[in-house]
Amino acid sequence: MGNDMYSVEQVADLLGLHVRTVRGYIRSGRLRATRIGKQYRIARADLDALTGRPASPPAPGAEVSSVVRLDGVDRAAADRLGTLVLAGVNTHHDPDRPLRVQTVHDEERHRMTIMILGDLTATADLLRLLDGVLDGGNGLLGGERGNG
């Protein structure tokens, strides 16, 4: 589905349009096309973009959810840890499998909760990053290790 290429005539048939209308879309830039010799070819993804259809179904795979609860976290440490988590998420480069993270700090209980939803590898990478930062007496929390 992702590598399908269509002629102007095929696109016109699929959309119920006149061939001249499709060529006009190409000339105006409304529909992307590649010129091969004297003919245009339209990729399935470009046709889907024009019609508003999703480009492709989600890739098969597993998704994992994780909740990390850290006790003894003050506001300053929560802010630093939130920034670190955000940086870790932004280094994940697979747009088809985004990593979603939410952080919550409970000021009254000095507790931070981090909720992670994403593919196995990206989640494991983020958890390893957290473990490395929080590990031992030199960790981000100054020696206090959270429960999770």
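Residues numbered from 1 in each chain as written. Predicted model: local features only at pLDDT ≥ 70, side-chain atom pairs only at ≥ 80, totals over all residues. Heavy atoms only, no water.

## Some details on the sheet that holds strand 2 (residues 34–36)
To be explicit about the condition: For two strands to be treated as a pair, DSSP must find no fewer than two bridges joining them. Secondary structure elements are taken from DSSP: a helix is a run of H or I of four residues or more, a strand is a run of E of two residues or more, and numbering for both begins at the N terminus. An axis is simply a line fitted to the C-alpha atoms; with a helix, the fit covers only the stretch in contact. Between two such axes, the angle follows the N-to-C directions and lies from 0 to 180 degrees. Whether two residues are in contact is decided by their heavy atoms: any pair within 4.5 Å suffices.
Across the sheet, 3 strands lie side by side as 1-3-2; this open sheet has antiparallel pairing. The strands lining the two open edges of the sheet, one partner per strand, are strand 1 (5–7) and strand 2. The mean angle between the axes of side-by-side strands here comes to 40 degrees, regardless of whether they run parallel or antiparallel. Inspection of the sheet shows strand 1 paired to strand 3 (residues 39–43) by 3 bridges, in the antiparallel sense. Bridging from a neighbouring strand, Met5 pairs with Ala43 of strand 3. Across the sheet, helix 1 (residues 8–15) lies against strand 1 and strand 3, angled at about 90 degrees from strand 1, the strand it touches most. Contacting strand 1 and strand 3, helix 3 (residues 44–51) runs over the sheet at an angle of about 75 degrees to strand 3.

## Structural notes on the packing of aromatic side chains
Applicable threshold: Here is the rule: rings of Phe, Tyr and Trp (six-membered ring for Trp) pair when centre to centre is within 6.5 Å. Planes less than 30 degrees apart are stacked, more than 60 are edge-to-face, and the remainder are tilted. Only when the NZ atom of a Lys or the CZ atom of an Arg is both within 6 Å of the ring centre and within 35 degrees of the ring normal do we say a charge sits over the ring.
Scanning the model with the defined rule gives 0 aromatic pairs in all. The ring of Tyr25 has Arg30 lying over it, and the distance from NZ or CZ to the ring centre is 4.3 Å.

## Some thoughts on the pairing of strand 3
Summarising the sheet, strand 2 and strand 3 pair through 3 bridges and their orientation is antiparallel. The partner of Arg35 across the bridge, within strand 3, is Tyr40. Linking strand 2 to strand 3, which pair antiparallel, is a turn of 2 residues; within it Gly37 sits at a positive phi near 65 degrees.

## Notes on the sheet that holds strand 4 (residues 63–71)
In a beta sheet, neighbouring strands pair by backbone hydrogen bonds and run either parallel or antiparallel. Sheet architecture is open: 3 strands sit in the order 4-6-5, paired in antiparallel fashion. Edge strands, defined here as strands with exactly one partner in the open sheet, are strand 4 and strand 5 (100–106). Adjacent strand axes in the sheet meet at a mean angle of 10 degrees, parallel and antiparallel pairs treated alike. Bridging between strand 5 and strand 6 (residues 111–119) involves 7 bridges; their strand directions are antiparallel. Paired with Val104 across the strands is Thr113, a residue of strand 6. Packing of helix 4 (residues 75–90) onto the sheet brings it into contact with strand 4, strand 5 and strand 6, and relative to strand 6 it is tilted by some 10 degrees. Along the sheet, helix 5 (residues 120–134) contacts strand 4, strand 5 and strand 6; its crossing angle with strand 6, the most-contacted strand, is approximately 150 degrees.

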